[in-house]
Amino acid sequence: MPEEKVLRPAVFLDRDGTICEEMGYLNHLSRVHIFPFAAAAIRKLNQTGLPVIVVTNQSGISRRIFPESLVVQVHARISEELSAAGARVDAYYYCAHTRQDDCSCRKPLPGLLEQAAREHNLRLDRSFVVGDRYADVELAHGVGGRGVLVLTGYGRGEYEFYRQEWPRQPDSVVEDLSGAVDTILEELS
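Residues numbered from 1 in each chain as written. Predicted model: local features only at pLDDT ≥ 70, side-chain atom pairs only at ≥ 80, totals over all residues. Heavy atoms only, no water.

Q: For this particular structure, what's the right way to read the packing of aromatic side chains?
A: Taken as a whole, this structure holds four aromatic pairs when the rule is applied. With centroids separated by 4.3 Å and ring planes inclined at 15 degrees, the aromatic side chains of Tyr 134 and Trp 166 adopt a geometry described as stacked. Taken as a pair, Tyr 134 in helix H4 (residues 134-142) and Trp 166 in the loop between helix H5 (155-162) and strand E6 (172-174) lie far apart in primary sequence, 32 residues in all. Assessed through its relative accessible area of 8%, Tyr 134 is described here as buried. According to the relative accessible area criterion, Trp 166 is buried, its value standing at 10%. Site record: aromatic cluster; members linked through ring pairs are Tyr 134, Tyr 159 and Trp 166. Here Arg 133 stacks its cationic end above the ring of Tyr 154, 4.4 Å away from the centre of that ring. The ring of Tyr 159 is capped by Arg 163, whose NZ or CZ atom sits 4.3 Å from the centre of that ring. (Phe/Tyr/Trp six-rings, centres within 6.5 Å; stacked < 30°, edge-to-face > 60°. Helix = DSSP H or I, 4+ residues; strand = E, 2+ residues; numbered from the N terminus. Buried < 20%, exposed > 50% of the residue type's maximum accessible area, 1.4 Å probe, protein only. Lys NZ or Arg CZ within 6 Å of the ring centre and 35° of its normal.)

So, in structure tokens, the structure goes:
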């Protein structure tokens, strides 16, 4: 009889505006600026054994604002800087499409999370998505997970100006990734 896989929750993190400063289209490696609190927050997640997975829309590839190779370089740089501080991201997933491309992976569509769940034995309905855009919250809710909005990046503006239009509010609204991690760990304890 085959061994049954145990599915576990994960924490999915948006990249720009959540782990590193929002730059619009991050079109050069010199523009990567990781928030000073990001490594410590991610390290706390690592210490609990929760998988930490980055999910990010990178339509600048399709728009020819930057090459796909830059996204790979940016993720390598983030991993290097986090590693130097004792933290790690377990995987990176990105959508290179625009809305017009009719893909299933552009957030808030669930394709990136579904792929990660298959590849890492994850249980999406017990997972968290942390990000600075409402699309991240929608993504979490779309797979039955919990959406945490950070007020860094675009978060504060989205929350203050548009929350009354949102069909469903975030499960938590916090100042930054540190607050998100504290909220997640408290909820899981």
